[in-house]
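# Overview (structure and organization)
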Amino acid sequence: HIIGRRCIMNNNKKSFDKKWYSEEFLNELKRTAYAEADGNLTYTAKYAPDAVSKYGIDPRMLGGPIGKMARKLKLVPDFVLNSIHLKITERSLGFFRKGCDRISYANCHIKGVSIKNKHIKASDGFDIPIRIYENAECEGTRTAMIFIHGGAFVGGTLAPYDESLKMLVDKFAVKVIGIDYRLLPENAYPAPYSDCFDVLEYISRNCGEFKINKDRIFVCGDSAGGNIAQACSTKYKGTGKIKAQLLLYPTLNMFGFTDEYYKKGYSDYKFEPSQKAVSKGVIKQMQMLTHCNFKQIGILSPDEYNNPYIFDASGNVPTFITVGALDYLKKDAVAWAHKLANANVKTKLVVYNGLGHGYLNATGVFPQAEDVIDEMGKFIYTILEL
């Protein structure tokens, strides 16, 4: 674990001017990947080489804000946690948005990728900001991925993902078009969805402007963005406008409907015994956010866009899903993967042991972020070769 100890040393220095891990460390994470089973669903599981075991918490997360909060929450009994119902106020919303906008990636020194900001006119006349990430090789592949950021529908921008999306372009020559959609609750539901639908429609009609092939458009999102990405696939099911979708730790069952695949509690989690309490503390952080009354942000009832889990999974485009094994939204990801697979939808699920919610925007800090970019690129080209 010499490589791992070096990585932790960089973590302690808190230097964001270079990656916190070596190529050898990343390759070891890839080499030790294994197949895990959840009933009749088999998925790929991966873990950090310097974790205490394959189910151990990633040391980078344990030493950061999530780990510190987990140590506090591990002392909170479940019945107390379940009684907490978050209220959205101007102050709490401002605090949350500030956290969403915080840059958490390390500089990976990626050259040759340009970032351009543009606008696309929404159906109601609003100018939707988009950000285009590309390099010289993108014109040759003519492949695009529309990216929808997370932030619980009420926060987030594209800026924290700059390094991640540049890396995807650099490694796979896939042009990325990110959407800075309007947020709830200032903009009435379903504004975030409508903006993304409008951007997708525009790009599909104007592929020449973006120098892409209309048959090589993918949609991707993380967290709430994963929910909206799935909504895009639902809306355009059977039209051929979307080649495939990539859902990163998505929320798909926000109203918490239970069935054979989706159960409440911790029975579907696997813990490193020596870290069980703090592992639950990691899960509880995302669990608390699910205790929000969605009526506060204008989501009044479940529909096929905001809560796709309770609707028919058949007819979906091929789907890549990833999630942290200590993320409360692991329930959504694994349960939806079950339903997609049962509906004969080509599905790839990658679970990162020892991680909680959100890691794509920590590229260069978490090796799993770079690894999931590699998984995303491989998935895209696998689908294109079918």
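Above this text sits the structure in question.
Residue indices follow the written sequence of each chain, beginning from 1 at its first position. In keeping with the model being predicted, local features are shown solely for residues with a pLDDT of at least 70 and side-chain atom pairs are shown and tallied solely at 80 or more, while totals for entire chains, interfaces and linings include all residues. Side-chain numbers here rest on the full set of heavy atoms in the structure, without hydrogens or water.

Peptide bonds are mostly trans, and most non-glycine residues show a negative phi. That bond from Leu 184 to Pro 185 is cis: its omega, -5°, falls within 30 degrees of zero. Working definition: helices are DSSP H or I runs of at least four residues, strands are E runs of at least two. Numbering for both runs from the N terminus. Tracing the chain through its elements places Pro 185 in the loop between strand E6 (175-179) and helix H9 (191-205). Phi at Phe 153 takes a positive value of approximately 70°, unusual for a residue other than glycine. For Phe 153, a relative accessible area of 4% gives the class buried. Even without a glycine there, the phi angle at Ala 173 is positive, about 55°. Mapped onto the secondary structure, Ala 173 falls in the loop between helix H8 (162-172) and E6. Throughout this description, buried means an accessible area under 20% of the type-specific maximum (1.4 Å probe, protein chains only), exposed means over 50%, and partly exposed covers the range between.

The subject of this paragraph is the sheet that holds strand E1 (residues 34-38). Read across the sheet, 10 strands follow the order E1-E2-E10-E9-E8-E7-E5-E6-E4-E3 without closing on themselves; strand pairing throughout is mixed. Of all strands in the sheet, those bounded by a partner on one side alone are E1 and strand E3 (114-121). On average, each strand axis in the sheet is inclined to that of its neighbour by 25°, with strand direction left out of account. Bridge analysis of strand E4 (residues 127-134) against E6 gives four bridges, and the strand direction is antiparallel. Paired with Tyr 133 across the bridge in E6 is Val 176. It only takes one pair of heavy atoms within 4.5 Å for two residues to be counted as in contact. Geometry is summarised by axes, namely lines fitted to C-alpha atoms with helices restricted to the contacting stretch, and by angles between N-to-C directions that run from 0 to 180 degrees. Strands E3, E4, strand E5 (144-148), E6 and strand E7 (217-222) of the sheet are contacted by H9, whose axis makes an angle of about 55° with E4. The strands touched by helix H13 (residues 330-342) are E1, strand E2 (41-46), strand E8 (244-248), strand E9 (319-324) and strand E10 (347-352); relative to E9, the strand with the most contacts, the crossing angle is about 155°. If DSSP finds at least two bridges between two strands, the strands pair.

Once that is clear, we can look at the side chain of Asp 162. Position of Asp 162 relative to the elements: it lies in helix H8. Beyond its immediate chain neighbours, meaning those up to four positions away, Asp 162 contacts Tyr 105, Ile 115, Arg 131 and Tyr 133.

It is worth spelling out the pattern of salt bridges at this point. Oppositely charged side chains can pair when the atoms bearing their charge come close. Think of a salt bridge as a Lys or Arg side-chain nitrogen and an Asp or Glu carboxyl oxygen that are within 4 Å of each other. Within this structure, the stated rule accounts for 26 salt bridges. Residue Arg 60 is joined to Asp 50 by a salt bridge in which the shortest nitrogen-to-oxygen separation is 2.8 Å. Taken together, the positions of Arg 60 in helix H3 (residues 59-62) and Asp 50 in the loop between E2 and H3 put the pair 10 residues apart, joining distant regions of the chain. In this structure Asp 50 comes out as buried when scored by relative accessible area, which is 11%. In this structure, Asp 259 engages Lys 339 in a salt bridge whose closest nitrogen and oxygen atoms are separated by 3.4 Å. Separated by 80 residues along the polypeptide, Asp 259 in the loop between E8 and helix H12 (276-289) and Lys 339 in helix H13 bring together distant segments of the chain.

Everything listed here is a matter of coordinates, which is why it stays silent on function.
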